[in-house]
Amino acid sequence: NVFRHPLSVFLTVLLTPLEDIGNLTNIVSLKAGFNNLHTLPVEIEEMSDTLTSLDVSHNKISDYPANIYVCSLLMELNLSHNRLEKVSRHTKVNI
């Protein structure tokens, strides 16, 4: 483990595929806006024990990401400026 303390990662332009983020540990905040994402990679679940803030705004996500429920510590989720048309009535949303 290279990183022993909580880490925030800001990805303005992805230099590697987002799928590689599963190799990072102790991520508490991830900003991956403006990256032409259509979905969240399943590797986001690898951060479920530490991730508290996720910003995937300004992408092309059209469906509410189901794998986000695994991130039980998540307190902030920014999905603005995507292609979401509706949120299912079964989606758990705390406002």
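Source: prediction; values computed, not measured.

Draft legend 1. Up close: the overall build of the protein chain. Across its full length, the protein chain carries zero helices and four strands. Counting across all 95 residues of the protein chain, residues that qualify as buried make up 34%. For the protein chain, the proportion of contacts with a sequence separation of at least 24, taken over those separated by at least 6, is 28%. When the accessible surface of the protein chain is summed, it comes to about 6600 Å², and 52% of that surface belongs to carbon and sulfur atoms.

Draft legend 2. View of the nonpolar core. Core analysis: the largest hydrophobic core is formed by 15 residues, its most contacted members being Leu30, Leu40, Ile44, Met47, Leu51, Leu54 and Val56. The contact partners of Met47, leaving out residues within four places of it in the chain, are Ile21, Ile27 and Leu30.

Draft legend 3. Representation of the side chain of Ser48. Tracing the sequence through the fold places Ser48 in the loop between strand 2 (27–31) and strand 3 (53–55). Since its relative accessible area comes to 12%, Ser48 is described here as buried. A polar atom in the side chain of Ser48 sits 3.1 Å from the backbone oxygen of Glu45. If near-sequence neighbours (up to four positions away) are discounted, Ser48 is found in contact with Val70, Cys71, Ser72 and Leu73.

Draft legend 4. Highlighting the environment of Glu85. Here Glu85 lies in the segment after strand 4 (76–78). Here Glu85 falls in the exposed class, since its relative accessible area comes to 78%. Glu85 sits 22 residues away from Asp63 along the chain, and the two C-alpha atoms are 7.8 Å apart.

What counts and what doesn't
- Residues numbered from 1 in each chain as written.
- Predicted model: local features only at pLDDT ≥ 70, side-chain atom pairs only at ≥ 80, totals over all residues.
- Heavy atoms only, no water.
- Helix = DSSP H or I, 4+ residues; strand = E, 2+ residues; numbered from the N terminus.
- Buried < 20%, exposed > 50% of the residue type's maximum accessible area, 1.4 Å probe, protein only.
- Contact = heavy atoms within 4.5 Å.
- Areas by Shrake-Rupley, 256 points an atom, 1.4 Å probe, with all protein chains shown as cover.
- Core = buried A, V, L, I, M, F, W, Y, C linked by side-chain atoms within 4.5 Å.
- Polar contact = N/O pair within 3.5 Å; in protein donor to acceptor, adjacent residues only side chain to side chain.

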